[in-house]
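Understanding the architecture of this molecule
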Amino acid sequence: MSNHYSLMIHGGAGALQHIQAEGSEEDFAQSMYGILEQGRLKLQQGAPALDVVEHCVSLLEDDPLYNAGRGSVLNEYGEVEMDAAIMDGQDLAAGSVAGIKNIKNPISLARLVLKKSEHVMLIGHGAMEFAELWGVECLPDDYFIIESRIKQFQEAEKAGKMMLDHEDIEQEPQRKFGTVGATAFDLEGNLAAATSTGGIVNKRWGRVGDSPIIGAGVFADNDTCAVSATGYGEQFMRTVLAKMISDCIHFQSLAAPQAAQAGIEYLVAKVKGLGGVIVIDAKGRCGAGHSTSGMIYGWIEHGGESHFQLT
Ligand code: GLY
């Protein structure tokens, strides 16, 4: 039994002088603070890390400031299509959903996959059938599609669908890669991680990013760490980045801040990757790293004060 809990949340990476499209710095600060403090309350009361990461990510999904749940970016048809995953560090149990529509909280559907199915990942129509079976809350399109995302989608279309072009994304590092996530270390010393996203603006052909891929956008193992990633998903998938960070701790006994930094250095060295990670290690230490010029995240380490980075 540990004496302290730790919690980290993130709301996307990129050059955050462009966040005015979604909200002011003050809006993000208020949102981050409120969610961290709700998570703290649960951890103080002895809630398991898995419950806390699900709860924090569902709050991020409900807030239209972020690219997940309500406020997700639009795909090539002008629709919202979401991905999410959750992982329990106690036994490496995991649940994930990809290409789902109209589900109010994709992270809770991922949790149901973990709990109620013998599978790890469900996609598209099948995932929607599973959601119906368990009476998961669905909402109409207009709940998800917000004004600023329509504008962003129209700009991407006008620019010739360049947001899917790898070269162009690399040449435009000012772009913001929204995705939300949480990692937690509870009073029992258990770790958990969760990640949720609307993906990339104007995405095509049923594209799925790293967020629902165990080991790429999310990973948790009580012996090493809990990781949630945000960034250009294809690069995190090719480097299996969340598991790579866990391996740094397993093989090199790094602490969370050094492991996060090692992961980002690897991402950049191997694929010139753009994005960021939050990491809590098995001693409850918090670390983060990003290769973009900014990242929105907050943390509570060992039950201390809440802190943020919004630039
Ligand atoms: N990191 C989110 C995505 O690429 O879909």
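Residues numbered from 1 in each chain as written. Predicted model: local features only at pLDDT ≥ 70, side-chain atom pairs only at ≥ 80, totals over all residues. Heavy atoms only, no water.

In this section: the overall build of the chain. Scanning the chain for helices and strands turns up 10 helices and 12 strands. Expected size for 311 residues packed as a compact globule is a radius of gyration near 19 Å; at 17 Å, the chain falls within 12% of this value. Viewed in the frame of its principal axes, the chain has a C-alpha envelope of about 55 × 45 × 35 Å. Taking all 311 residues of the chain together, 59% fall into the buried category. Carbon and sulfur atoms provide 50% of the accessible area of the chain, an area that totals close to 12400 Å². Counting 23 positive and 41 negative side-chain charges, the chain places the averaged centre of each group 3 Å from the other. (Helix = DSSP H or I, 4+ residues; strand = E, 2+ residues; numbered from the N terminus. Rg over C-alpha atoms; globule rule 2.2 N^0.38 Å. Buried < 20%, exposed > 50% of the residue type's maximum accessible area, 1.4 Å probe, protein only. Areas by Shrake-Rupley, 256 points an atom, 1.4 Å probe, with all protein chains shown as cover. Lys, Arg positive; Asp, Glu negative; His and termini not counted. Charge placed at Lys NZ, Arg CZ, Asp CG, Glu CD.)

Strand order in the open sheet made by the eight strands is β4-β3-β2-β6-β5-β1-β11-β12, with mixed pairing throughout. In this open sheet, the two strands that pair with only one neighbour each are β4 (121-123) and β12 (306-309). Going across the sheet, the axis of each strand differs from the next one's by a mean of 5 degrees, ignoring polarity. In this sheet, strand β3 (residues 93-100) lies alongside strand β2 (residues 82-88) in antiparallel orientation, the contact comprising six bridges. By the bridge assignment, Ala-84 is partnered in β3 with Val-97. Contacting β1 (6-14), β5 (180-185), β11 (294-300) and β12, helix α1 (residues 25-44) crosses the sheet at an angle of about 155 degrees to β1. Along the sheet face, helix α3 (residues 106-116) touches β2, β3, β4 and β6 (191-197) and points at about 135 degrees away from the line of β3. (Pairing = 2+ DSSP bridges. Axes fitted to C-alpha atoms, helices over the stretch in contact; angles between N-to-C directions. Contact = heavy atoms within 4.5 Å.)

Our focus in this paragraph is the site of the ligand. As a matter of local geometry, the ligand sits amid Thr-179, Thr-197, Gly-199, Arg-207, Gly-209, Asp-210, Ser-211, Gly-231 and Gly-233. Interatomic distance of 2.7 Å between a side-chain N/O atom of Asp-210 and a nitrogen atom of the ligand. Contact distances for the ligand include 2.9 Å between an oxygen atom and a backbone N or O atom of Gly-233. When the free accessible area of the ligand is taken as 200 Å², the share hidden by the protein chains comes to 99%. (Near = heavy atom within 4 Å. Polar contact = N/O pair within 3.5 Å; in protein donor to acceptor, adjacent residues only side chain to side chain.)

We now examine the pairing of strand β10 (residues 286-290). Pairing geometry for strand β9 (residues 275-281) and β10, over five bridges, is antiparallel. Within the sheet, the bridge partner assigned to Gly-276 lies in β10 and is His-290. Two successive antiparallel strands, β9 and β10, enclose a turn made up of four residues, where Gly-284 displays a positive phi of approximately 80 degrees.

Glancing now at the sheet that holds β9. If you trace the four strands from one edge of the open sheet to the other, you get β7-β8-β9-β10, paired in antiparallel fashion. The outermost strands of the open sheet, each flanked by one partner alone, are β7 (218-221) and β10. This sheet shows a mean twist of 10 degrees between the axes of neighbouring strands, independent of strand direction. Sheet topology places strand β8 (residues 225-231) next to β9; seven bridges connect them, and they run antiparallel. By the bridge assignment for β9, Ala-229 is matched with Val-277. Helix α9 (residues 241-252) contacts β7, β8 and β9 of the sheet and is inclined by roughly 145 degrees relative to β8.

With 16 residues, helix α10 (residues 256-271) should reach 22 Å at 1.5 Å per residue; the first-to-last C-alpha distance of 22 Å fits that figure. Those residues of α10 not exposed but buried are Ala-256, Ala-259, Ala-260, Gly-263, Ile-264, Leu-267 and Val-271. With its buried residues spanning 135 degrees around the axis, α10 presents them on a single face. Looking one or two residues past α10, Lys-272 carries a phi angle of roughly 50 degrees, positive in sign. (Expected span 1.5 Å × (residues − 1). Arc of directions from axis to C-beta.)

Time to look at the pattern of salt bridges. Within this structure, the stated rule accounts for 10 salt bridges. The shortest N-O distance in the salt bridge between Glu-234 and Arg-207 comes to 2.7 Å. A residue pair is termed long-range when its members are at least 10 positions apart, and Glu-234 in helix α8 (residues 233-239) and Arg-207 in the loop between β6 and β7 qualify at 27 residues. Look at the salt bridges and you will find they share partners, linking Asp-51, Glu-54 and Arg-111 into a network. (Salt bridge = Lys/Arg side-chain N within 4 Å of Asp/Glu carboxyl O.)

This part takes up the nonpolar core. With 52 residues, the main nonpolar core has Ile-9, Ile-86, Val-97 and Leu-109 as its most contacted residues. The dominant element in this core, judged by the number of residues it contributes, is helix α2 (residues 49-62), at eight residues. By size, the runner-up hydrophobic cluster in this structure holds 35 residues, among which are Phe-185, Leu-191, Ala-226 and Phe-236. (Core = buried A, V, L, I, M, F, W, Y, C linked by side-chain atoms within 4.5 Å.)

Right, let's get into the environment of Val-201. Relative to the helices and strands, Val-201 is located in the loop between β6 and β7. Measuring from C-alpha to C-alpha, the distance between Val-201 and Asn-75 comes to 5.8 Å, with 126 residues separating the pair along the chain.

This part takes up the environment of Met-87. Considering the arrangement of structural elements, one finds Met-87 in strand β2. Between the C-alpha atom of Met-87 and that of Gly-99, which follows or precedes it by 12 residues, the distance is 19 Å. Setting aside residues no more than four positions away along its own chain, Met-87 makes contact with Leu-50, Leu-92, Ala-93, Ala-94, Ala-192, Ala-193, Ile-214, Phe-219 and Ala-220.

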